[in-house]
Amino acid sequence: MLCVPSTWSFLLQEEIEKPYFQDLNRFISEEYSHNLCFPPVAQIFTAFDHCTFDNTKVVIIGQDPYHGLGQAHGLSFSVPDTLPFPPSLHNIFKELASDLGIPVPQSGCLQHWATQGVLLLNAILTVRAHEAGSHQRKGWEKFTDAVIQKLANEKNNLVFLLWGSYAQKKGQWIDRSRHLVLESGHPSPLSANRGLWFGNRHFSQTNAYLLKHHNQEIRW
């Protein structure tokens, strides 16, 4: 059932063959057969579909997908065109406007970030409807740890955006001498309203670093 895109599978073949991933595959098959789960099966690996390993320049680590109807489509923090912005995404756009003067967009879909090399990676790639965290500790965390490790070990001059304590723990082993790691509070209202999100200027810092290392900046 779980089919990692070919542009990533050859790099992650050893991981895919491990017993935990086979157990995860069986679990997801059962869950999607008997419960309403998000995102749709065809969109579980959307982040990988739109951002290949070779093209990855920036990694944004989320936790698990939105669990409301129709919200999750495989890209962390993103929602399909027609849906209203969740609070975290609204605050991301507010920081973008403050940092780079970019008007708040009409669409909450971040696919255009992904196609430019931003891996919008949730730590957990699936969730049961209306049950946040329901697919934790089933194997996804090990898989996405392997993805992060593969990127950090085999590439140089990436930017990792770690928003909130969960993402920061997940990225604590990244070699800061080889990559830019930017940390701040989470864009959720709880964190943002305590002054831990706004003003982090992560988007301008990311572009400055990419340009310094001869990469094209992101058109946020």
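The coordinates are above.
Model, not experiment: these values are computed from the prediction.

Asker: Could you clarify how one ought to interpret the overall build of the protein chain in this entry?
Answerer: Looking only at helices and strands, one finds ten helices and six strands in the protein chain. Overall size of the protein chain, expressed as C-alpha extent along the three principal axes, is 45 × 35 × 25 Å. Relative to its 220 residues, the protein chain shows a buried fraction of 54%. The contacts of the protein chain with a sequence gap of at least 6 include a subset with a gap of at least 24, amounting to 66%. Surface exposure of the protein chain reaches about 10,300 Å², of which carbon and sulfur atoms provide 50%. Both charge centroids of the protein chain, one from 18 positive and one from 19 negative side chains, sit 5 Å from each other.

Asker: Is there a simple way to explain the packing of helix α5 (residues 87-100) against helix α10 (residues 202-212) in this structure?
Answerer: The axes of two packed helices give the description: the angle between them and the distance between them. Relative to each other, α5 and α10 sit at 60°, their axes nearing to 8 Å. Considering their axes alone, α5 and α10 lie oblique with respect to each other. Taking contact as the criterion, the partners of Ile92, Glu95, Leu96, Asp99 and Leu100 in α5 are, on α10, His202, Phe203, Ser204 and Asn207. Residues belonging to the contact of α5 with α10 are distributed by class as follows: four nonpolar, three polar and two charged.

Asker: Would you explain helix α3 (residues 19-34) in this entry?
Answerer: Structural remark: α-helix, 3.6 residues per turn; residues separated by three or four positions point the same way. Taking 1.5 Å of rise per residue, 16 residues should cover 22 Å, and α3 covers 23 Å from first to last C-alpha, within 8% of that figure. Buried within α3 we find Tyr20, Phe21, Leu24, Asn25, Phe27, Ile28, Glu31 and Tyr32. Buried residues along α3 sit in contact with α2 (13-16), β1 (37-38), β4 (127-128) and α7 (140-154).

Asker: Got a minute to help me understand the pattern of salt bridges in this structure?
Answerer: Note on pairing: side chains with opposite charge can pair once their charged atoms come close. Under the criterion given, the structure shown has eight salt bridges. Two residues, Glu15 and Lys18, come together in a salt bridge whose shortest N-O distance is 3.2 Å. Of the residues examined, Glu15 reaches a relative accessible area of 13% and is grouped as buried. Glu183 serves as the salt-bridge partner of Arg176, at 2.9 Å between the closest nitrogen and oxygen. On the accessibility criterion, Arg176 (38% relative accessible area) is partly exposed. A network of salt bridges, in which partner residues are shared, links Glu31, Arg128 and Glu131.

Asker: What exactly am I supposed to notice about the layout of surface pockets here?
Answerer: Over the atoms rolls a probe the size of a water molecule, and in doing so it shows where empty space is left. Quantified by volume, the largest pocket comes out at close to 380 Å³. Together, 25 residues line the largest pocket, and Gln63, Asp64, Tyr66, Phe77 and His186 are the ones closest to its centre. Among the secondary structure elements, those contributing two or more residues to the lining of the largest pocket are β2 (58-62) and α8 (165-170). In terms of residues, the lining of the largest pocket owes the most to one element, α8, which gives three residues. A per-class count over the lining of the largest pocket returns ten nonpolar, 14 polar and one charged. In this structure, the second largest pocket occupies an estimated 240 Å³ of space. Counting only elements with at least two residues in the lining of the second largest pocket, the list comes to α7 and α8. Per element, the largest residue contribution to the lining of the second largest pocket is seven residues, and it comes from α7. Its residues placed into classes, the lining of the second largest pocket shows five nonpolar, four polar and five charged.

Asker: Explain empty space enclosed by the protein here, please?
Answerer: With the rule as written, the count across this model stands at one cavity of 30 Å³ or more. In this structure, the largest cavity encloses a volume near 60 Å³. Ile44, Gly74, Leu75, Asn122 and Leu125 are, among the 14 residues lining the largest cavity, the residues nearest its centre. A per-element tally of the lining of the largest cavity places strand β3 (residues 118-122) first, with three residues.

Asker: How should the sheet that holds strand β6 (residues 180-184) be read in this particular structure?
Answerer: Two modes of strand pairing occur in sheets, parallel and antiparallel, and in both the strands are linked by backbone hydrogen bonds. Across the sheet, four strands lie side by side as β3-β2-β5-β6; this open sheet has parallel pairing. The open sheet has two edge strands, β3 and β6, and neither has a second partner. Going across the sheet, the axis of each strand differs from the next one's by a mean of 20°, ignoring polarity. Bridge count between strand β5 (residues 159-163) and β6: five bridges; the pairing is parallel. Looking across to β6, one finds that Trp163 is bridged to Ser184.

Rules of the game
Residues numbered from 1 in each chain as written. Predicted model: local features only at pLDDT ≥ 70, side-chain atom pairs only at ≥ 80, totals over all residues. Heavy atoms only, no water. Helix = DSSP H or I, 4+ residues; strand = E, 2+ residues; numbered from the N terminus. Buried < 20%, exposed > 50% of the residue type's maximum accessible area, 1.4 Å probe, protein only. Contact = heavy atoms within 4.5 Å. Areas by Shrake-Rupley, 256 points an atom, 1.4 Å probe, with all protein chains shown as cover. Lys, Arg positive; Asp, Glu negative; His and termini not counted. Charge placed at Lys NZ, Arg CZ, Asp CG, Glu CD. Axes fitted to C-alpha atoms, helices over the stretch in contact; angles between N-to-C directions. Parallel < 35°, antiparallel > 145°, perpendicular 65-115°, else oblique. Nonpolar A, V, L, I, M, F, W, Y, C, P; charged D, E, K, R; others polar. Expected span 1.5 Å × (residues − 1). Salt bridge = Lys/Arg side-chain N within 4 Å of Asp/Glu carboxyl O. 1 Å grid on protein atoms, 1.4 Å probe; cavity = no way out; pocket = protein on both sides within 12 Å on 5 of 7 lines; lining within 4 Å. Points joined across faces, edges and corners; volume = space filled by probe spheres on them. Pairing = 2+ DSSP bridges.

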